[in-house]
Amino acid sequence: MKDTTQLTEGWHLRHGDELLDARVPGCVHSDLLAAGAIPDPFIGLNEKEVAWVGRREWTYTTHLAHDSAHERTHLVFDGLDTAARVTLAGEPVGATRNMHRRYRFDVTGRTGELEVRFASAYDEAAAVRAVTGERPNVYPEPSQYVRKMACSFGWDWGPTVVTAGIWRGVRLEHWSTARVAEVRPLVTVEGATGRVEVRVDVERTARGEGRPLRVRARVGGGGGGAGAAAEAAGGGDGAFAEAVVTGDEAVLRLEVPEVRLWWPRGYGDQPLYGLEVTLADDDGPLDTWHRRIGFRTVELDRSADAHGTGFTLVVNGVRLFARGVNWIPDDVLPSRVTPERYRARLAQAADANVDLVRVWGGGIYEDEAFYDACDELGLMVWQDFLFACSAYPEEPPLRGEVEAEARDNVVRLMPHPSLVLWNGNNENLWGFRDWGWEADLAGDSWGEGYYLGLLPRIVAELDPTRPYTAGSPWSGSWDHHPNDPAHGTHHSWEVWNRQDYAEYRANVPRFVAEFGWQAPPALATLRRALPGERLAPDSPGMLHHQKAEDGNGKLNRGVARHFPLPDGDFDRWHYFTQLVQARAVAAGIEHWRAHWPVCAGTVVWQLNDCWPVSSWSAIDGDGRPKPLHHELRRVYADRLLTLLPGGSRADAGAGTVAGTGTGTGTGVGTGTGTGVGTGTGPETGAGTGGDGTDAGRGGGGPTLAVINQSADPWHAAVTLRRLAADGTVLHHTTLDVAVAPRSVVRVPVPEAAAPAEGTVKEFLVADADGLRAVHFPVPDKDFAYVPPRFDVAVEPVAGGGDRVDVVVSAHTPVRDLLLQADRLGAAAAADRGPQTLLPGEVTRIRLTGCGTPDAADVRSALFCVDVV
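We now turn to the structure provided with this report. (Residues numbered from 1 in each chain as written. Predicted model: local features only at pLDDT ≥ 70, side-chain atom pairs only at ≥ 80, totals over all residues. Heavy atoms only, no water.)

A few points about the pattern of salt bridges
Then, in step 1: Enumeration over the complete set of coordinates arrives at 67 salt bridges.
Then, in step 2: Across the pair Asp331 and Arg336 runs a salt bridge, and its minimum N-O distance is 3.0 Å.
Then, in step 3: By relative accessible area, Arg336 is classed as partly exposed at 31%.
Then, in step 4: For the salt bridge of Arg407 with Glu403, the shortest nitrogen-to-oxygen distance reads 3.1 Å. Taken together, the residues span about one helical turn, with Arg407 and Glu403 both in helix 6 (residues 398-413) at a distance of four residues.
Then, in step 5: On the basis of relative accessible area, Arg407 is assigned to the partly exposed category, the value being 28%.
Then, in step 6: Ionic contacts of the salt-bridge type, sharing partners, join the residues Lys2, Asp78, Arg104, Arg171, Glu173 and Asp287 into one network. (Salt bridge = Lys/Arg side-chain N within 4 Å of Asp/Glu carboxyl O. Buried < 20%, exposed > 50% of the residue type's maximum accessible area, 1.4 Å probe, protein only. Helix = DSSP H or I, 4+ residues; strand = E, 2+ residues; numbered from the N terminus.)

Structural notes on the side chain of Thr843
Then, in step 1: Relative to the helices and strands, Thr843 resides in strand 46 (residues 842-848).
Then, in step 2: Accessibility expressed as a relative area gives 5% for Thr843, which makes it buried.
Then, in step 3: A distance of 2.8 Å separates a polar atom in the side chain of Thr843 from a polar atom in the side chain of Gln835.
Then, in step 4: Setting aside chain neighbours within four positions, we find Thr843 in contact with Val806, Val807, Val808, Leu817, Arg832, Gln835 and Leu837. (Polar contact = N/O pair within 3.5 Å; in protein donor to acceptor, adjacent residues only side chain to side chain. Contact = heavy atoms within 4.5 Å.)

Considering the nonpolar core
Then, in step 1: Phe370, Phe385, Tyr451 and Leu632 are the most contacted members of the largest nonpolar core, which totals 164 residues.
Then, in step 2: The element that contributes the greatest number of residues to this core is helix 14 (residues 570-593), accounting for twelve residues.
Then, in step 3: Dropping the residues within four chain positions of it, Phe370 is found in contact with Trp327, Tyr342, Leu346, Val357, Val359 and Val381.
Then, in step 4: Within the second largest apolar cluster, 31 residues are counted, among which are Val24, Ile38, Leu80 and Phe105. (Core = buried A, V, L, I, M, F, W, Y, C linked by side-chain atoms within 4.5 Å.)

Some details on the sheet that holds strand 16 (residues 239-245)
Strand pairing within a sheet occurs via backbone hydrogen bonds; the two strands may be parallel or antiparallel.
Then, in step 1: One open sheet holds the four strands; their spatial order is 16-15-18-19, and the pairing between them is antiparallel. Edge strands, defined here as strands with exactly one partner in the open sheet, are strand 16 and strand 19 (284-293). On average, each strand axis in the sheet is inclined to that of its neighbour by 15°, with strand direction left out of account.
Then, in step 2: Pairing of strand 15 (residues 213-219) with strand 18 (residues 273-281), which is carried by six bridges, proceeds in the antiparallel orientation. By the bridge assignment for strand 18, Arg214 is matched with Ala280. (Pairing = 2+ DSSP bridges. Axes fitted to C-alpha atoms, helices over the stretch in contact; angles between N-to-C directions.)

Details of the pairing of strand 12 (residues 170-175)
Then, in step 1: The buried fraction of strand 12 is high, at six of six residues.
Then, in step 2: Alternating positions in strand 12 separate into two faces, Val170, Leu172 and His174 on one and Arg171, Glu173 and Trp175 on the other, with burial throughout.
Then, in step 3: Relative to strand 12, strand 1 (residues 3-6) runs antiparallel, the two being bridged by four bridges. When the bridges of strand 12 are listed, Asp3 appears paired with His174.
Then, in step 4: Here strand 5 (residues 72-77) runs beside strand 12; their pairing, made up of six bridges, is antiparallel. Note that in strand 12 the partner of Thr73 across the bridge is His174.

Points about the environment of Val381
Then, in step 1: Summarising the element assignment, Val381 is placed in strand 27 (residues 380-384).
Then, in step 2: Considering only alpha carbons, one finds Val381 and Asp17, 364 residues apart in sequence, at a separation of 46 Å.
Then, in step 3: In this structure Val381 touches Val357, Val359, Phe370, Tyr371, Cys374, Ser418, Leu419, Val420 and Leu421, once residues within four positions along its chain are discounted.

Some remarks on the pairing of strand 4 (residues 58-64)
Remark: a regular strand shows side chains that alternate across the two faces of the sheet.
Then, in step 1: With six of seven residues buried, strand 4 lies mostly within the body of the structure.
Then, in step 2: In the sheet, strand 2 (residues 12-15) pairs with strand 4 via three bridges, with the strands oriented antiparallel. For Arg14, the partnering residue across the bridge sits in strand 4 and is Thr59.
Then, in step 3: Of the strand pairs in this sheet, strand 4 and strand 9 (residues 112-118) are connected by seven bridges, and their pairing is antiparallel. Directly across from Leu64, in strand 9, lies its bridge partner Gly112.

Put into structure tokens, the structure is as follows:
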């Protein structure tokens, strides 16, 4: 039987004349940090002080000694970052030039000093560029010439920290006769029967050539958790198959009757089945392979229709509105991300009602722990191949590396039921058309052959059960602009870059794969990252931890369109920028969800950060949720109530509506809208209740949208109240709205309930089943708010522990009340984000992690819109 020796101990990093203790898996930066040889690049301006690290060669060493009776010994690296030469006892073992693939070297009978010498990624890129010639890149760094995590060279949200090292596991594998070289489970469902076609490749020793071998495959019962393989063959909850291997491959087919389907979260359970493959000869087992699989079908409907070309995910026959987020590496030093950290971050996504995570193409193919957590949490994974914002040469040596990398990762990741889509690249098809590349390239290769040729062929060959799309954005063919919102996927960046967020309502893309708005991180995160700095939007540390082109200018213009820009008041600026981020993203999602099924998904840029920075993230670099995270929980909930301002594109909808009380209701027909967008990518009780501010998209009264993504009908009694600025009710009516499962009803607000267009003294509130939406006819800075008044109390929670309730009682309208819990303690957290209260209403905010603060301290951490 094969045995394995993990090589995690006894490594050293050569640093000048010193041998530093090294951690494997790890990287040069983390080892230098542990040794006190460099400052933390995340703190202050230290990023500049460690830039030299990425421009040097580095060597890792250990002593390799083994005494095995097996015929073969392989040295296996799961990840080397990036260009490395491996020697053993001074003799060559092999060379690598790709961070994103695994390497296996035969070291049978060899011992001695094992050395892994890493070249600077800059030197490797220069050598490749000398062979292939120049290619354009959005950023002035050479990421397109080296198969390495592109964002380690910096991005508009990330530092330039160019890593090197043994960043994933390394081990010795000792084996005889034969080993399992590769397993590809093709999982399908027909009726109530789950089918698994298991394709097994084996590698033989010389003694094993021609020797009869058997391979067995067993699928266990479909529970959650570990999904252990069943003991009994066949039966109602498992299956077994066996085949004789006469050459180097075998195919086994298993059927699991009455199979339990894996569903995205919110649609059903996530049963996982253990799949175990055993290779044996007449003397017994030689090798085993084990993964968890799930049974489900996935399709991508790209049919043409009256609105253009769709892009709708269909899982187990159910058409989905994808509620997504974009994922970047959770640390610029990715070897530091543990399984526990993956689980915590993805649990935060699930807590925000996210059901799809897009792994962005400028990062990495994540660790198994990432995909395991997605399998268990019901988070669908859209996986980019790793190409982003650059033109990539298609000549050697890169072409062979790209093919090997793609084959390696398709096979590695395909057992995971959460993986629902392969995507060829990020923004490169768009870049070729719009960013001046076509002229600069003058006929040179730039990656199109990968996205439209090589990669779809590899997916069709190795993983035909999943759809592939050539890029994001991509309209499906060159017959349409790559970023045409009427066709396929769309990236909406013109709004953040140049416009007010109300412009998200200008059209209805078929699938919004990227859009977002920036905000700074939590105050506690800033204080940790910028110790001793007097915080200001333009203080040195704040500017250094803002990587976007004109990022602060865009933040300030976004605030100034709605609020008086605070001058010299960092706390108010911080609150307003975080609030505008939450409102902006909500405005887009509410509008696009209201136009399901024409729009079939939104993928917010971005869920997470890789260091402390002002960025588009919902969760900052220290793992603290921004107000956006709480707002995502509201706008991504199965049931959503929203008020779309007049002038929103395609305000009409279909549904059953009846008016009662002093108002009336009507049913109306359907309508949609699309249009071609231009511009570039980003350089490169109950929530806020939505932001129905007209902010420049006037024309007509507001529309009520009642959105039901659940599997059950929703009969909602929607209360509409038109109120004076001081909270006095001027008009009250109730609409009885019936919404079918997975459907939307849109209806104009009755004229008597709608505030007059442009009024500064009235606003509209809609309530139903604990959900709230608000509509203000003008921006906050123009509205005649009364001074907000509210009481604050702190009450203990039954059962004790480090939990209290903050009780806020409103005497006036209080718009977008927010408790910034981290101001009360670095570990403090609140269970909700911005919320709007009316006079006489009381809200309870659960506060944890800071003991029992007094009411005065809590009040100092409470913010609301106060622009009187």
